[in-house]
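What follows is the residue order along each chain.
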Amino acid sequence: MTPRLFCFGLGYSARWLVDIVREEGWSVAGTCRSEEKRAALAAEGIEAVLFETAATALEGATHILVSAPPGEDGDPVLAACRDAIAGLHGLEWLGYLSTTSVYGDHGGAWVTEESALTPATDRGRRRLAAEEGWLILWRDHGVPVHLFRLSGIYGPGRSAIDAVRAGRAKRIDKPGQVFNRIHVADIARTLRASIARPNPGAAYNLADDDPAPSREVTQYACALLGAPLPLLVPFEEAGLSAMARSFYADDKLVSNGRIKRELGVRLLYPGYRDGLSAQMSAGQEDGSSPA
């Protein structure tokens, strides 16, 4: 039987996995938010449905990817499609894209998948509640759930290079603060590796090998472009939105050892310099997969 991937959300990260499995001959379907988007996806040969009809479109799915974020009322996919997913026959893998915000602040220490989950923000607490909801579906119904805790996602169309070119780049100074990142291509490759080696109930950190302050990434992007550096602004004076400030609430170093040991992942972009340099060399600016 031809494998069938159903994506709750055909956004940036999901599309890179879609490109990989379509090259392998899989059929793909997923949800979108408007008729206009549905028509655009259909033109690319991707079957899309509005979220409201997703429960009836799951028939035949062998693999499911969930990238829809939880809201104030909880996880929308669990709320609308829990029973439909639990009742699927032949489902081999389900991946839920979470975030490393579930760990909270660890004072700059390393965290692994076994570290305490002490989210400090509403965003992190919602993600942790969603993770638990998906794990209950695994424990109670045998749904093959896998959790993927993503660091800051970047790649073509969503990188420091794009921010510098658009005049949106900032250099924010918060001494001692570092961030982990993961290139979107490495997200897709890790998901594909998990599909090949399913381990229901497992959680995986997705991060590169080079956590760094955001100001250093901006500085490197400016150097690649030959652009002037934005002024260095103290965190307290940066005028960030509440959402942007929440990213600075946690300070931790995220270990990626498990994806290497258990899934055999070798990162294409082990550090931000690798990812940004490759983007410049390839001229990838629109966010599309190179596949």
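Before any of the text, the structure's been laid out above.
Values in this document were obtained by computation on a predicted structure and should not be read as measured data.

### Observations regarding the sheet that holds strand 2 (residues 27-32)
No. 1: What the seven strands build is an open sheet, ordered 3-2-1-4-5-7-11; its pairing is parallel. Two strands lie at the open edges of the sheet, namely strand 3 (47-50) and strand 11 (203-206), each paired on one side alone. Ignoring strand direction, the axes of neighbouring strands in this sheet form an average angle of 20°.
No. 2: Relative to strand 3, strand 2 runs parallel, the two being bridged by four bridges. Paired with Ala-29 across the strands is Glu-47, a residue of strand 3.

### A look at the nonpolar core
No. 1: In this structure, Leu-5, Leu-65, Phe-148, Leu-191, Leu-206 and Leu-276 are the most contacted members of the largest nonpolar core, which totals 48 residues.
No. 2: Take this core: its biggest share by element is seven residues, from helix 6 (residues 184-196).
No. 3: Setting aside residues up to four positions removed in sequence, Leu-276 forms contacts with Tyr-154, Ser-159, Ala-160, Ile-161, Val-217, Tyr-220, Ala-221 and Leu-224.
No. 4: Grouped together as the second largest cluster of nonpolar side chains are 27 residues, Phe-6, Phe-8, Ala-29 and Ala-68 included.

### A word on helix 4 (residues 122-141)
No. 1: Helix length check: helix 4, at 20 residues, gives a terminal C-alpha distance of 28 Å against a target of 28 Å (1.5 Å per residue), a fit within 8%.
No. 2: Residues of helix 4 that are buried: Gly-124, Arg-127, Ala-130, Glu-131, Gly-133, Trp-134, Leu-135 and Leu-137.
No. 3: Looking at the buried side of helix 4, the elements it contacts are strand 4 (63-66), helix 3 (76-86), strand 5 (93-99) and strand 7 (145-150).
No. 4: Of the residues trailing helix 4, Gly-142 is marked for its positive phi of about 75°.

### A short note on the packing of helix 3 against helix 4
No. 1: Where helix 3 meets helix 4, the axes come as close as 11 Å, and the angle between the chain directions of the two elements is 15°. The angle between helix 3 and helix 4 falls in the class roughly parallel. Considering the relative orientation of helix 3 and helix 4, their crossing is right-handed. Each of Val-77, Leu-78, Arg-82, Ile-85 and Ala-86 in helix 3 lies in contact with helix 4, whose residues at this interface are Ala-130, Gly-133, Trp-134, Leu-137 and His-141.
No. 2: Counted by class, the contact of helix 3 with helix 4 contains seven nonpolar, two polar and one charged residues.

### Description of the packing of helix 1 (residues 12-23) against helix 6
No. 1: Packing of helix 1 against helix 6 brings their axes to within 9 Å, and their N-to-C directions diverge by 55°. Accordingly, the angle class assigned to the pair helix 1 and helix 6 is oblique. By crossing handedness, the relation of helix 1 to helix 6 is classed as right-handed. Contact residues: helix 1 offers Tyr-12, Ser-13, Trp-16, Leu-17, Ile-20 and Val-21, while helix 6 offers Val-184, Ala-185, Ile-187, Ala-188, Arg-189, Leu-191 and Arg-192.

Definitions and limits used
- Residues numbered from 1 in each chain as written.
- Predicted model: local features only at pLDDT ≥ 70, side-chain atom pairs only at ≥ 80, totals over all residues.
- Heavy atoms only, no water.
- Pairing = 2+ DSSP bridges.
- Helix = DSSP H or I, 4+ residues; strand = E, 2+ residues; numbered from the N terminus.
- Axes fitted to C-alpha atoms, helices over the stretch in contact; angles between N-to-C directions.
- Core = buried A, V, L, I, M, F, W, Y, C linked by side-chain atoms within 4.5 Å.
- Buried < 20%, exposed > 50% of the residue type's maximum accessible area, 1.4 Å probe, protein only.
- Contact = heavy atoms within 4.5 Å.
- Expected span 1.5 Å × (residues − 1).
- Parallel < 35°, antiparallel > 145°, perpendicular 65-115°, else oblique.
- Left-handed = near helix turned anticlockwise from the far one by under 90°.
- Nonpolar A, V, L, I, M, F, W, Y, C, P; charged D, E, K, R; others polar.

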